[in-house]
Amino acid sequence: MPGINVLAGISIALLLLSTCSALYEDQIKKFDWRSVHVGALKQSRVDLNHFQPRLLVSTHEDVVALLCPKTGAIMWRQVLEQKPRGDIKLLQVSGFSVDSSETAAAPIGKNLGFDMLTVQGHAPALVRGWNTNIGTIEWEWSIMPLNSEKAQDAVWFYSNSILYHIVPAWRSHLEVTGYFASSGHSTGSTSKIMASWITKETCTLSGTFYVCVDGKQLISLDLVSKSTQVIRTALETEPQGTIEAVEGLNGVVIVDGKLVSVNKDQAVCTALQGASYAVGSFNYRKIVVSAGLTSGNLKIGAVYLDNCSPVPELQQTLQFPEHFGTPTLNSFDCKLKRNGDGKSCMFVFSTSAESIVAVQQGKVRWSREESLANVIDSQFMDLPLADTEGTLESEMKGKAGDIASAFLRRISTQAVQIRSLFLHVIGLGPPPTDTQRAGLVRDSFGLHKMLVLLTRNGKIFGIDNISGKHHWQLYLPKVNSFDNAEQMRLVVQRTAKHFPLQPLCAIVAKNSVNGNGVLYRFNPITGLATEGGLLQLDFKIKQLSLLAETEKDFVKGILILDASNKVHVYPQHATPLANGMYLYTADVKSAQLEGYFVKYAGGQLSCTHIWNARLGGHNSEQQIIAVAGKNPIEHVHSQGRVLGDRSVLYKYINPNLVAFVTQAPDATHKSVLNLYLVDVVSGSVIFSMTHRKVRAPLSIVHSENWLAYSYFNEKVRRTEITTIELYEGKAQANSSVWSSLQAPPMPLVERQSYIIPAIVEALRETITERGITNKHVLIGTASGSIIEMPWHLLDPRRPIASTTQGREEGAIPYIPELPLPTESHINYNQTVARLRNIYTAPSGLESTCLVVATGLDLFVTRVAPSKTFDLLKEDFDYILISIVLVALTSGSLIVKHLASRKLLKQAWK
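Quantities reported herein were computed from a predicted structural model and do not represent experimental measurements. (Residues numbered from 1 in each chain as written. Predicted model: local features only at pLDDT ≥ 70, side-chain atom pairs only at ≥ 80, totals over all residues. Heavy atoms only, no water.)

Participant: Can you break down the overall build of the chain residue by residue, with the values?
Facilitator: Looking only at helices and strands, one finds eight helices and 59 strands in the chain. Taken along its principal axes, the extent of the C-alpha atoms in the chain is 130 × 85 × 80 Å. For the chain, the exposed surface amounts to about 45300 Å²; the carbon and sulfur share of it is 54%. (Helix = DSSP H or I, 4+ residues; strand = E, 2+ residues; numbered from the N terminus. Areas by Shrake-Rupley, 256 points an atom, 1.4 Å probe, with all protein chains shown as cover.)

Written as structure tokens, this is what we have:
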């Protein structure tokens, strides 16, 4: 019996080996790459005189990191808790304090003091001391304020080894509490300073001074003085914008580009004029550096603080690339050298395009594109054809159908190609185009594409999806996302498949100044503006959609519904194609849906309101938290599912079906989540379902006849995934055309829930060119891993017990827990911090799907849900198969010769 058990175990292991997939060591980073970021710069401290030169930064993405001053590479990075707990209020580096003579470093071997101190959050507020050499936390303490609502606006500053916590009560008073920085012990009772003039919009903290604007004067308080008194400083004119503090100058603020001091012990140079300032030392003297952008040139100047005389060694002007946006000087430092020529000074800038730029010796030394930490949309674009393939494509599109003309055209084309080859060999041929020189040519399998990324602040990138190289980038200033929690949109109006026409993409956004729409059209391969480039619309955008049909130029028009329910089409010559289109809108706060019908008559477009639905409930407490439609480029290969009795269960494939998820608090169940499947053409609710005692985070994916969504179950405190499949039944109403106005009866609904041992942040289905490959669901988790989950594990038709019919269908018996084997993590050890979205696109191979995961980091790879059935493996033995073919061919010829001789001998007998 033991021998039989061992044999059975070995047999099961061998069977399981055939179902496993893994990543070989030599395949690491061969089909994928990762880009690591820190986010938009908030505070920085550059120190070039440290025994190891360093650049310490804190960012708006709640990250602290150490960058290499020479290259900008990340030496270490710590991703803190998410907002509001991780919001960094203060970054204090040893030796960089209000009193420049003070150092907060601790003696060697002691756990007191700090290299770097951070304060984050407000309820509780976490104070941490860091070892900047390796990026570890040395100590930590926290405080919980009595009033957490007031503590949201609290500020901190460090002075003389004391950490001060200032909690403002607007239009009333300030509460100031001091703590010993290293231990967290209070220095005494909280002092309350009456200040009825303070407001959130007009006040700031400058060192130890709390400064506010009141008309043509500054009203300030010295928070560390023994006797608090109100200091009033007159201004020449009323400030046009907000005031900003200058780090390193106690009691100095920037008012309309000029320095104003409210501290009688701190003199400033009032004649200085600049967009941003930083304080440091040069030749052992304290200086103030100003920087500003003028006509595309960055001008940097400096003056000595003691006598306001200029520092000619630091005066420099350089051309600043437009795609960086508007620069703001964040910090600088100079190496202590005897010659003092100023060439050893480094200036660190943050920009409106969320870039980090280092300037040294009159040129940009390095830059980091941190806007990629906030990608909101993505598209994979096919690359253009090579010259020979393009010529062949043009020839194949010829209108002449007779054989003689096709033959002549083929001969003339080959003659031109031979001539071009000869001229290229002798060096007289035409130079290669920019795209050819950059290697942007379509490959045989369609795996090489241009990855176009749109970021939150309006910056657009064109990135090679194979190498990760940034081929181009452009920045749209003064654009923003739409109201109603809707992001900017990146739409593809024409792909690269229509040679010789160039591909065309468009950015649709909102003008941050007047709220009207903005349309920017560009070539996604080169990044150059086309079709007029930037277009400022004179109306607010309410909804938009791509037209289904195109004209001769193969451009899909953009149908826009404005705030007054009028419709517009861009380009305008595609206006007649909008006839018969349907649109819908969804108000997130009121959970109200509205449907519209677009009609073209008499050369004019009109829009008719045809239906509306209220999903907010009887008390209108429900709010929409997720909307999921189907991918418009998706192909459904199989319209039915074969059952165990060989009958067919037809899928309910409604292209107009959209899933809406609403959530509201409930007195009995804490939180209630509702799912609605709505046909957005007719306005009918196809299916609805309610979950009680569940809440966000919620992720949803909708494809073919199924959808899957994840949520947190508060009752059992775990993450669950619910899957739904819709079927028409065993008879199909219409196999060729779908009509929502003549829809079949309500579908049959199969549903099931599963337990997943991870926090889900994103869901996305794989997509291929023809839809033949099996569907897998990509699950992004809070830990930064991306899990490839086969749909048959999420199938709601999984039977409770193993039955004959279930085995015939290939359904796995139902088990509540979903397995997460390590080999299903497609990003292995390439963790994606703060993963938010996953985007997929088909490749030229039916078996392969392209994937990009975005968050704080960027990860690009490709997956093959049904393996690479249409591609030979890398280790395919070409030599062996060639030998076998030669041997078989030679053997057949020899056998044929011997057989003929045998027949000849038999004939002579």
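Back to the write-up after that little detour.
Participant: Which residues make up the pairing of strand S38 (residues 541-550), and what are the values?
Facilitator: One ladder, built from six bridges, connects S38 with strand S39 (residues 556-562); its direction is antiparallel. The partner of leucine 546 across the bridge, within S39, is isoleucine 558. (Pairing = 2+ DSSP bridges.)

Participant: So what about the pattern of salt bridges? Which residues, and what values?
Facilitator: Counting across every chain of the model gives 29 salt bridges. Ionic pairing is found between arginine 128 and glutamate 140, a salt bridge with its closest N-O pair at 2.5 Å. Here arginine 128, found in strand S8 (residues 125-131), pairs with glutamate 140, found in strand S9 (residues 136-143); they are 12 residues apart in sequence, far enough to count as distant. Its relative accessible area of 7% is what places arginine 128 among the buried residues. Note on glutamate 140: relative accessible area 44%, which makes it partly exposed. Taking the shortest distance from any N to any O, the salt bridge between glutamate 369 and lysine 459 comes out at 2.6 Å. Remark: lysine 459 occurs in strand S31 (residues 459-464) and glutamate 369 occurs in strand S28 (residues 363-369); sequence separation between them is 90 residues. (Salt bridge = Lys/Arg side-chain N within 4 Å of Asp/Glu carboxyl O. Buried < 20%, exposed > 50% of the residue type's maximum accessible area, 1.4 Å probe, protein only.)

Participant: Tell me about the sheet that holds strand S32 (residues 470-475), residues and numbers included.
Facilitator: Taken together, four strands build an open sheet; the order of strands is S29-S30-S31-S32 and the sheet is antiparallel. Of all strands in the sheet, those bounded by a partner on one side alone are strand S29 (375-382) and S32. The mean angle between the axes of side-by-side strands here comes to 15°, regardless of whether they run parallel or antiparallel. Pairing geometry for strand S30 (residues 449-455) and S31, over five bridges, is antiparallel. Bridge assignment links methionine 450 to a residue of S31, and that residue is aspartate 464. (Axes fitted to C-alpha atoms, helices over the stretch in contact; angles between N-to-C directions.)

Participant: With reference to specific residues and values, describe a positive patch on the surface.
Facilitator: A surface patch of like charges, here positive, comprises Lys70, Lys335, Lys363 and Arg365. Note on placement: lysine 363 falls in strand S28. (Patch = residues over 30% accessible without salt bridge, like charges linked within 9 Å, V, L, I, M, F, W, Y side chains within 5 Å. Lys, Arg positive; Asp, Glu negative; His and termini not counted. Charge placed at Lys NZ, Arg CZ, Asp CG, Glu CD.)

Participant: If you had to explain the state of the cysteines to someone new, which residues and values would you point to?
Facilitator: Under the definition given, this model contains three disulfides. Here cysteine 334 is linked by a disulfide to cysteine 345, with a sulfur-sulfur distance of 1.9 Å. A torsion of 110° about the S-S bond marks the disulfide between cysteine 334 and cysteine 345 as right-handed. Of the two residues, cysteine 334 is situated in strand S25 (residues 327-334) and cysteine 345 in strand S26 (residues 345-351); the sequence distance between them amounts to 11 residues. The buried category is assigned to cysteine 334, whose relative accessible area is 2%. When the cysteines engaged in disulfides are numbered in sequence order, the chain pairs them as 1-2, 3-4, 5-6. Here cysteine 68 is not disulfide-linked; the sulfur of cysteine 345 is the nearest cysteine sulfur, at 18 Å. For cysteine 68, a relative accessible area of 18% corresponds to the buried category. (Disulfide = S-S within 2.5 Å.)

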